[in-house]
Structure formats: C-alpha cells, structure tokens
Amino acid sequence: MRLAVKVGFLCGLSCIMAACQEKRPSPQIFPVGATRIQARQFAEIIQAEGTLVNPGYIELRPQVSGLITQVLVNEGDPVRIGQILVVLDNAEQMAELRTAQEELKEALIKAKRWRQLASVGGVPKEQAEEKQIAVVRAKSKVVAKQEALNKRSIRSPINGVIGDLSGVNPGQYLKQGGDSFVVVNNKNLSIDLSVPALQASKIKLGQRVQMLDESNTNVVGEGKITFIPPYFEADNFLALNTLRVRAAFVNEKSGLRPNQLIRSKIVIGSERYPGLPATAALFKAQQPYTYKLIPIQSFLKDKDVNRQQKDLLMALPSSTLIAVDTPLKLGALQDDYYSVLAGLKPGDLIAVSGSAVLANGTPVSIKSIN
C-alpha cells in the first residue's frame, strides 16, 4: 500500500514538472511572393544633353519685290508642298505671259504652213527650218514669262504649318529677300548632343539614341546617330573638350519642338546580366541587398548558423525555404530591372513581396511566383 502511494506521488510530481517546463515554440513561417532571376540584355549607354534642331524650319523670303494682293493662309494653318501662300501684284506679268502664249501659237501656225510648203517644193527647206527655230524661241519666251509670274506667288516648299504672319498683310510692300515668314514641319527633327571627349571614340554612326522626359525616366523619342563631326566643339575659339554629334528621329507622336533642351541616352552596346526587379531591391545605408530564398537544408549547413537556431529550424518541414540577406552590386536600371554585377546569378529564387517582415534566416513559404 505504501509502495503504491510512493509510485503515485512520483508519477504525479513528474507530470507537474513536465507541465511546468516551458514548451519551445516553433518558428513562424511567413508567406512571400517570389521570382527566379533571369539573364537580361542591358544596354551600355552614354548620358548626353542636347538641343532639338529642325531641318524643316523654312524661312520664306520673296524672290522679287512687290505689293501683297492676297494672303491665302492664316497662322497655324497646315499647308501642302507647292500650295500658294501669298500673292504679289502680277497683272503685268500675266499680260506678258498671255502675249507670249499668243506669239507661240502664231509661230506654230507659221512653222506648220512653211513645213507643208517645203514638202512640195514651194519654199526652200532652210526657210521652213527658220520658222521651226522661231517656235523654239517662242516656247522659251513663254517659259520665261511663266517663271516671272510664278515668282509673284510665294509657295510652300514643304508640307508643314504656317508660323507667325505678323506684317504679312494685303497692301504691304515686300522687298526682294527682305521680310520673311516661316513654314514649319516638326515631323522630322534632329538633336545635337554634347559627348565628353573621353567617350567620343565610342560613338558610331547608326547608334540608337533615346530622348527622355523631364523625369529622366520615360522615353519620349528615339533616333539614330547621323553625323559625327571631325572636330571638337569650340566657343569663341576656346575648346570645350566635347564632341557635338547629331541624331535624327521621327517626331510623329512625341510632340517635341525645336530648341527644346532634351536629356538623352546614346546606346553604344549591350551585355547580358542577371536582372533584379526594382521592387526586390532593398537598401541599407545605401548598400543594396535582397532576400534570396534557399532550401532549409542548405541554410543549416552554414557554419555561421548557431546551434539554438538550428534546433528550432530542424523541426520545420524539409520543403521550407529560408530568406537569406544577400548583399548586391547593382548596375544601371533599365525597364524596371537592375543589372546585377555581383551577388545573384540566373536561377536564384528571391522574394519580391513581403520583404518588410523578413530578416536573415526567416522561414518562408511561397504564396505566388512570377
């Protein structure tokens, strides 16, 4: 009886001691979004700044002097090549053209008649040939008078838009080569870019140029290098040690305008690097890092993991992943991806969301993968 009581007491005491002993909690597993690192093509670029130039900015000046009788367009009107814009007084030229045309008709009739007479021996062939020469002279005179009349009209040399017409009004007298107005076509523009001398040797014809907006991130236009001068820039004979290269581009949808200052990127080549999504790039004291996700067994083999942490993690399923704080060396940002110069390789699994709650050695599960 006493023996039974002692055994019961010892068993009860053991149960109480076991119940009182603190139970060690299992580590919490955090769900994260993940992606695998892939190699991407990253452009090698030269940053440059330049001014837009418009070869389609045409100043129109009268070829002859005269009084304006008609202005057939308004400021801002779209015009077609060859369209008459302004007419100068031309009554005299029109009369001279009509006279020349009548003289040509008469010369043609005489030439025909003398050619028929010469064919039957009515007149010498030499006289018939003289009449034909007279036709040639009459035609030349018509052409000259037509040209003189054409000069009394100012026509658009391009498809474009009319600029400022201040001072161009009916009744105003224009002097030959004097007052002007402009027709502008902003479809095809070019940009002059200043490239430092140390990088000048990398510039080649045909290289791609990307023009950026004020935020210096969004591409608003693309073109190609079309001219590389054989000399460096100079200002008042003072060398600026820069090369001013020119790129041409089509401005159909960009909405850019001449004389606009634009920041640009000249693409001089490209290389493949692991690409890190910008959202996965974290920074600590300006040092970039990210969380690489590795199998728990690989993490436990790390000699820097302490015994207590290993004991806790070993209770987790073998399929568990561990977030590892991974320092990085990053290159340029392109299309929302950083080029990774060191720290990651293609195929590495990283966290792209949920990183705010992570620390080195945190167990994670993948809720989504891109």
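Structure first, text after, so check above.
For clarity, every value in this text was computed on a predicted model and none was experimentally measured.

**A word on helix H3 (residues 125–150)**
Line of reasoning, step 1. Taking 1.5 Å of rise per residue, 26 residues should cover 38 Å, and H3 covers 38 Å from first to last C-alpha, within 8% of that figure.
Line of reasoning, step 2. Buried-residue contacts for H3 involve helix H2 (91–119) and strand E7 (153–155).

**Points about the layout of surface pockets**
Line of reasoning, step 1. Here the largest pocket defines a volume of roughly 460 Å³.
Line of reasoning, step 2. Residue lining of the largest pocket: 19 residues in total, with Thr217, Lys265, Leu333, Gln334 and Asp335 positioned closest to the centre.
Line of reasoning, step 3. Elements supplying a minimum of two residues to the lining of the largest pocket: strand E2 (38–53), strand E12 (208–212), strand E17 (261–277) and strand E21 (329–334).
Line of reasoning, step 4. With five residues, the top contributor of residues to the lining of the largest pocket is E2.
Line of reasoning, step 5. Partitioning the lining of the largest pocket into residue classes produces eight nonpolar, seven polar and four charged.

**Things to note about the side chain of Thr320**
Line of reasoning, step 1. With respect to the helices and strands, Thr320 occurs in the loop between helix H5 (307–313) and strand E20 (321–327).
Line of reasoning, step 2. A distance of 2.8 Å separates a polar side-chain atom of Thr320 from the backbone oxygen of Pro317.
Line of reasoning, step 3. If we skip the residues at most four places from it in the chain, Thr320 touches Ile29, Ile294, Pro295, Ile296, Pro363 and Val364.

**Re H2**
Line of reasoning, step 1. If you check H2, its first and last C-alpha atoms are 42 Å apart, about what 29 residues at 1.5 Å a residue would give, namely 42 Å.
Line of reasoning, step 2. Within H2 the residues assigned to the buried category are Gln93, Leu97, Ala100, Leu104, Ala107, Ala111 and Ala118.
Line of reasoning, step 3. On its buried face, H2 is in contact with H3.
Line of reasoning, step 4. Among the residues trailing H2, Gly121 stands out with phi positive, at a value near 85°.

**What to know about the pattern of salt bridges**
A side chain with one charge can pair with a side chain of the opposite charge if their charged atoms come near.
Line of reasoning, step 1. Enumeration according to the criterion identifies eleven salt bridges in this entry.
Line of reasoning, step 2. A salt bridge links Asp89 to Arg152, with the nearest nitrogen and oxygen atoms 3.2 Å apart. In this pair, Asp89 is assigned in the loop between strand E6 (84–88) and H2 and Arg152 in the loop between H3 and E7, connecting sequence segments 63 residues apart.
Line of reasoning, step 3. Overall, the relative accessible area of 33% leaves Asp89 in the partly exposed class.

**Some remarks on unusual backbone geometry**
Glycine aside, a negative phi is what most residues show, and trans is what most peptide bonds show.
Line of reasoning, step 1. For Asn259, which is not glycine, the phi dihedral falls at a positive 75°.
Line of reasoning, step 2. Along the chain, the position of Asn259 falls in the loop between strand E16 (242–250) and E17.
Line of reasoning, step 3. The exposure class of Asn259 is exposed, given its relative accessible area of 66%.
Line of reasoning, step 4. The phi angle at Ala285 is positive, at roughly 55°, despite the residue not being glycine.
Line of reasoning, step 5. As for its placement among the helices and strands, Ala285 is situated in the loop between strand E18 (282–284) and strand E19 (287–295).

**Some thoughts on the pairing of E21**
Line of reasoning, step 1. Where E21 and strand E22 (residues 337–342) come together, four bridges link them in antiparallel fashion. By the bridge assignment, Lys329 is partnered in E22 with Ala342.
Line of reasoning, step 2. Hairpin remark: E21 followed by E22, antiparallel, with two residues in the connecting loop; positive phi at Asp335, about 55°.

**As for the nonpolar core**
Line of reasoning, step 1. By size, the foremost hydrophobic cluster in this structure holds 20 residues, and its most contacted members are Leu52, Ile191, Leu193, Ile203, Val245 and Ile266.
Line of reasoning, step 2. Sequence-distant contacts of Leu52, that is, excluding residues within four places in its chain, are made with Leu189, Ser190, Ile191, Met211, Phe249, Leu256, Arg257, Pro258, Asn259, Gln260 and Ile262.

**Quick look at the pairing of E16**
Line of reasoning, step 1. Of the strand pairs in this sheet, strand E11 (residues 188–196) and E16 are connected by nine bridges, and their pairing is antiparallel. Each residue of the ladder has a partner; that of Asn188, found in E16, is Val250.
Line of reasoning, step 2. Here four bridges tie strand E13 (residues 219–227) to E16, and the two strands are oriented antiparallel to one another. Residue pairing across strands places Ile225 opposite Ala247, the latter belonging to E16.

Cut-off values and rules
- Residues numbered from 1 in each chain as written.
- Predicted model: local features only at pLDDT ≥ 70, side-chain atom pairs only at ≥ 80, totals over all residues.
- Heavy atoms only, no water.
- Helix = DSSP H or I, 4+ residues; strand = E, 2+ residues; numbered from the N terminus.
- Expected span 1.5 Å × (residues − 1).
- Contact = heavy atoms within 4.5 Å.
- 1 Å grid on protein atoms, 1.4 Å probe; cavity = no way out; pocket = protein on both sides within 12 Å on 5 of 7 lines; lining within 4 Å.
- Points joined across faces, edges and corners; volume = space filled by probe spheres on them.
- Nonpolar A, V, L, I, M, F, W, Y, C, P; charged D, E, K, R; others polar.
- Polar contact = N/O pair within 3.5 Å; in protein donor to acceptor, adjacent residues only side chain to side chain.
- Buried < 20%, exposed > 50% of the residue type's maximum accessible area, 1.4 Å probe, protein only.
- Salt bridge = Lys/Arg side-chain N within 4 Å of Asp/Glu carboxyl O.
- Pairing = 2+ DSSP bridges.
- Core = buried A, V, L, I, M, F, W, Y, C linked by side-chain atoms within 4.5 Å.

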